[in-house]
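Architecture at a glance
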Amino acid sequence: MKVDILKGHVSKDHIHLLLSIPPQVTISRLVQQLKGKSSFKALSHFPELKKVFWGRHVWARGYFVHTRGNVTDEVIKMYIENQKHDDDDFQIEG
C-alpha cells in the first residue's frame, strides 16, 4: 500500500502511529488491513492466543485518526515519544 511508518509506540492497551500514506489509500481500509494482518500473524505465531480470543476480536472495533494540519511531524513525534512508560515494550524510531 506504500505506507511509511514514521514513528510508533505500542503500549499494552493502545498503539500510536505516525504514518505517511498516499492519497489513494483510505484510512478505513488501511486500519482494516493493519488490524486484520496483525491479528492473523499474532494468532498464527502465538497459538495460545486462540484460546484467549476464541469468539472475540483481537482488536477493539474503533480507532482514532487525526491529520496533521498545522502541527509539524516533529511535534507529533515528540507526543508519541512522551507516551512511553516503564512497562512499554516496543517502539518504532524514525
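Residues numbered from 1 in each chain as written. Predicted model: local features only at pLDDT ≥ 70, side-chain atom pairs only at ≥ 80, totals over all residues. Heavy atoms only, no water.

- Per an unreviewed UniProt entry, the protein chain is named Transposase, and its organism is Thioploca ingrica.

**Describing helix 3 (residues 73–81)**
- Taken as a whole, helix 3 has its buried residues at Ile-76, Lys-77 and Ile-80. Around the axis of helix 3, the buried residues are gathered within 100° of arc, so they sit on the same side. (Buried < 20%, exposed > 50% of the residue type's maximum accessible area, 1.4 Å probe, protein only. Helix = DSSP H or I, 4+ residues; strand = E, 2+ residues; numbered from the N terminus. Arc of directions from axis to C-beta.)

**Things to note about a nonpolar patch on the surface**
- Judged by side-chain polarity, Ile-5, Ile-15, Leu-17, Leu-34 and Trp-59 come together as a nonpolar surface patch covering roughly 400 Å² of accessible area.
- Position of Ile-15 relative to the elements: it lies in strand 2 (residues 15–20).
- Look at Ile-15 and you get partly exposed, because its relative accessible area is 35%. (Patch = residues over 30% accessible without salt bridge, like charges linked within 9 Å, V, L, I, M, F, W, Y side chains within 5 Å. Areas by Shrake-Rupley, 256 points an atom, 1.4 Å probe, with all protein chains shown as cover. Salt bridge = Lys/Arg side-chain N within 4 Å of Asp/Glu carboxyl O.)

**A word on the environment of His-57**
- Within the secondary structure, His-57 is located in the loop between helix 2 (48–52) and helix 3.
- You can call His-57 exposed: its relative accessible area is 62%.
- Sequence separation between His-57 and Ser-39 is 18 residues, and the spatial gap between their C-alpha atoms is 8.6 Å.

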